[in-house]
Structure formats: structure tokens, C-alpha cells
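Structural description and commentary
Here's the letter readout for the chains.
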Amino acid sequence: MASGLGVALFSSAVFGLSGSFAKSLLETGWTPGAAVTARLTGAALILVIPAVPALRGRWGQLRDNWVTILLFGLIGVAACQLFYFNAVERLSVGVALLLEYLAPVIIVLWLWAASRRRPRPLTIAGTLLSLGGLILVLDLTGAVKIDVVGVLWGIAAAVCLAIYFFITAKENDTLPPIVLASGGLMVGAVVMWLAAATGLLPMAFSVADTKLGPWVTPWWVSLGGLIVLATVLAYVSGIVAARALGSKVASFVSLTEVLFAVIWAWLLLGELPGPVQLLGGMLIVGGVVLVRVDELRGPAAVPAAAGGPASDAGAAPLPAPLDHANDVEPVP
């Protein structure tokens, strides 16, 4: 348990680096689409090395799970990352990530509207707490001016993350998680390159030096950190942590990613949300914790489209976290 907790914290720490590495590239002229495409392409090429032996020659698994891989790559990887990086371009890293972490709240509201069944009190309390935190994070009356377009990008990333959780709510133990991660990254990379080739996605790269904290580094240092640390190592360590702790415990530990992201942005970019925004961030994370605690108290509902049973006592909490080998977090 102790070693698994350490690995989970390491995973959150390196996942939290993605916003800082990406923003250092964006500030030199990279477009969000270029940063996402380079990240997905590099990580996919690296992860395919362990993914091939993990299949053990059972290539039929790819054919049987192609819909899951496609949707994971398109929504959980490509769209989620692109929207998040667009938010990071206009907002601080911490605020952008906090907006994305509203995904569990979006799921609660969607299930409530779709089933017309009121969630349990603890879930309602967590939802209201997170929404209150959102108001503080936006700090509409404060000195910090929030870019409305950036906020919309952050909420779009949260919607993609919520859709991803619905996609993976169907249990499937046949596909190794490293294969799902590699396949999703490949799909995401192909989608991004196709969008760029058709002119739908602006693509601009730069070889100018990037600034990380007190250091001025070549562009490839930030890109390498984005690919190797914030993607490959983050995925692999996240999978190890989920297997050591179980997906439920690991999902709680993953909330520390917000803390790590704020710390990294402060150290590497000089960004630090204002006191009101930090308080709002604490409320958002606290609300998500309440929702997840309520989810673990009893049987949780699965969306009707997935054919899951309704929860007890007329409640409609989040879909239950998966405890099987296919649990793979999307790349933030």
C-alpha cells in the first residue's frame, strides 16, 4: 500500500507538469494543436514498444475493442488535451486544470437531468460546493481578469473528460491498459495530423528557447518533458498505482494533480492563482471528494444507455469507478 501510494503521488506529480511544459512552448509561438500533436505522436511511438509484447500476439483484441480505442483516442485524448491546452494558452495552468476537474460535477448534473432522480444529499452537497468553488476561481469581481474564451475551453475539456468516463463505464477486461493507452494516443495523433492536413487545425511550431523557472532551455527540453515525463511516465506509473491500490483509492490520490500543477506552474512559470482563486480551487476539489465518497457508500448507477441498473434509494450518483485492468485515465 505504501509503495503504491508513492507511485500514485509520483504519477500525479508528473501529470501535473503537462500544463507548465505546454505553456512554455505556447509562449514561444507553438499553437495548442502543434503541442498536442507532438505530445501524442511522441508518446504513442514510445508506448507502442511495451504495448506490442503486452498483447502476446492476440491481435484480435484490437479488432474486438476498436470502438473503445477510437472513442478513447478521439475524446479522452485528442479533444480533451486540445481543449485543455487552449485553456492554458489563455488562463493560468491552475485555473485551467480546476475547470477541467469539474467533470464529476457535470456527470452528476447530467445523470440528474437524464434520470430525473435526485442524487443523495452528500452528492448534492459536493456538487454545490464545487459550483461555489467555480465562482471563486473565476473571481469575477476581483483584480484578476478571466478570459471568457479560456473559461469556455476549460469547460469544454471538462465535458470531454465526463464523456470519457461514460465511455469507459462499460467493463472490459480483455484489453491490457498499456495497449489501450498506446492505441488511444495513436488514434489521437492521427486525428490531429489529419485535422492539420485539412486546414481545420492551426499548426505552428517554433525552435525558440523556452523559459522554465530561472532556466532558459532549448525547445526540445520542454517538448521532451511533455512527452516523456508528463505522458509516458505519467501513464505507466498511473497504471502501476491503479493495480497496487485499486482504481477507487488511486482516483482519490489523483486529485493531488491539481496541487502539483499549481506548484509546478508557480516554480516553472511564476504563475500563482490569487487567494480567492486558491480558496475556490480547494472548494472544487473538496466537492469532488464528497461526490466520490458518496459514490463509494453504496451501489452506484451506470448511465441508462450502458444498460446499468438504477441505484438504490432513488439516487443517481456517478458511475462506479472500474476495478478492472482497463482503467486508464485520460491525459490532461
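Note: the structure precedes this text.
One structure accompanies this document, and this report is about it. (Residues numbered from 1 in each chain as written. Predicted model: local features only at pLDDT ≥ 70, side-chain atom pairs only at ≥ 80, totals over all residues. Heavy atoms only, no water.)

1. With respect to the overall build of the chain
Looking only at helices and strands, one finds 14 helices and two strands in the chain. Per-residue burial for the chain yields a buried fraction of 52% across its 332 residues. Considering only contacts in the chain between residues 6 or more positions apart, those separated by 24 or more positions represent 85%. Within the structure as shown, the chain displays about 14,300 Å² of accessible surface, and the carbon and sulfur contribution to it stands at 72%. (Helix = DSSP H or I, 4+ residues; strand = E, 2+ residues; numbered from the N terminus. Buried < 20%, exposed > 50% of the residue type's maximum accessible area, 1.4 Å probe, protein only. Contact = heavy atoms within 4.5 Å. Areas by Shrake-Rupley, 256 points an atom, 1.4 Å probe, with all protein chains shown as cover.)

2. Considering the nonpolar core
Ranked by internal contacts, the top residues of the largest apolar core, which has 78 residues, are Trp30, Leu40, Tyr84, Leu99 and Leu185. Top contributing element to this core by residue count: helix α5 (residues 66-90), with twelve residues. (Core = buried A, V, L, I, M, F, W, Y, C linked by side-chain atoms within 4.5 Å.)

3. Points about a nonpolar patch on the surface
Together, Leu259, Ile263, Trp266, Leu267, Leu272 and Leu278 give the surface a local cluster of nonpolar side chains, amounting to about 570 Å² of exposed area. Of all the elements, helix α13 (residues 256-269) adds the most residues to the nonpolar patch, at four residues. In this fold, tryptophan 266 is placed in helix α13. (Patch = residues over 30% accessible without salt bridge, like charges linked within 9 Å, V, L, I, M, F, W, Y side chains within 5 Å. Salt bridge = Lys/Arg side-chain N within 4 Å of Asp/Glu carboxyl O.)

4. Regarding the pattern of salt bridges
Evaluated as defined, the whole model comprises two salt bridges. As a salt-bridge pair, glutamate 271 and lysine 23 come within 2.8 Å of each other at their nearest N and O atoms. With a gap of 248 residues between them, glutamate 271 in the loop between α13 and α14 (275-296) and lysine 23 in helix α2 (residues 18-26) connect regions that are remote in the sequence. Across the pair, lysine 23 and glutamate 271 agree in class, each one buried.

5. Re the environment of isoleucine 178
The topology assignment puts isoleucine 178 in helix α10 (residues 177-197). Separated by 128 residues in sequence, isoleucine 178 and proline 50 have C-alpha atoms that sit 7.5 Å apart.

6. Describing unusual backbone geometry
Its identity as a non-glycine residue notwithstanding, arginine 116 has a phi of 60°, on the positive side. In this structure arginine 116 comes out as exposed when scored by relative accessible area, which is 76%.

7. Describing the packing of α2 against helix α11 (residues 219-245)
For the pair α2 and α11, interaxial distance at closest approach is 9 Å and the crossing angle is 155°. Here α11 runs roughly antiparallel to α2, going by the angle between their axes. Remark: the crossing between α2 and α11 carries left-handed chirality. On α11, the residues touching Ser18, Phe21, Ala22, Ser24 and Leu25 of α2 are Trp219, Ser222, Leu223, Gly225, Leu226, Leu229 and Ala230. Counted by class, the contact of α2 with α11 contains eight nonpolar, four polar and no charged residues. (Axes fitted to C-alpha atoms, helices over the stretch in contact; angles between N-to-C directions. Parallel < 35°, antiparallel > 145°, perpendicular 65-115°, else oblique. Left-handed = near helix turned anticlockwise from the far one by under 90°. Nonpolar A, V, L, I, M, F, W, Y, C, P; charged D, E, K, R; others polar.)

8. Observations concerning helix α6 (residues 93-100)
The buried fraction of α6 amounts to eight of the eight residues, a majority that puts the element mostly inside the structure. Within α6 the residues assigned to the buried category are Val93, Gly94, Val95, Ala96, Leu97, Leu98, Leu99 and Glu100.

9. What to know about the packing of α5 against α6
Where α5 contacts α6, the two axes come as close as 8 Å, and the packing angle between them is 140°. In terms of crossing hand, the pair formed by α5 and α6 is right-handed. Listed contacts from α6 to Cys80, Tyr84, Ala87 and Val88 of α5 are Val93, Ala96, Leu97 and Glu100. Looking at the contact of α5 with α6 residue by residue, the classes come out as seven nonpolar, no polar and one charged.

10. What about helix α9 (residues 148-167)?
Between its first and last C-alpha atoms α9 spans 29 Å; for 20 residues at 1.5 Å apiece the expected length is 28 Å, and the two agree. Looking at the buried side of α9, the elements it contacts are α5, α6, α7 (103-115) and α8 (121-138). (Expected span 1.5 Å × (residues − 1).)

11. Details of the state of the cysteines
Evaluation of the coordinates by the stated rule reveals zero disulfides. As a non-bridged cysteine, cysteine 80 has cysteine 160 as the owner of its nearest cysteine sulfur, 5.9 Å distant. By relative accessible area, which is 8% here, cysteine 160 ends up buried. (Disulfide = S-S within 2.5 Å.)

12. With respect to the environment of threonine 210
For threonine 210, the position within the fold is in strand β1 (residues 210-212). The class for threonine 210 is buried, based on a relative accessible area of 1%. Distance in space between the C-alpha atoms of threonine 210 and leucine 26 is 9.2 Å, their sequence separation being 184 residues. When near neighbours in sequence (up to four residues on either side) are disregarded, threonine 210 contacts Ser24, Leu25, Thr28, Trp215, Val216, Thr217, Pro218, Trp219 and Ser222. Here the side chain of threonine 210 touches serine 222 through a polar contact of 2.9 Å, side chain to side chain. (Polar contact = N/O pair within 3.5 Å; in protein donor to acceptor, adjacent residues only side chain to side chain.)

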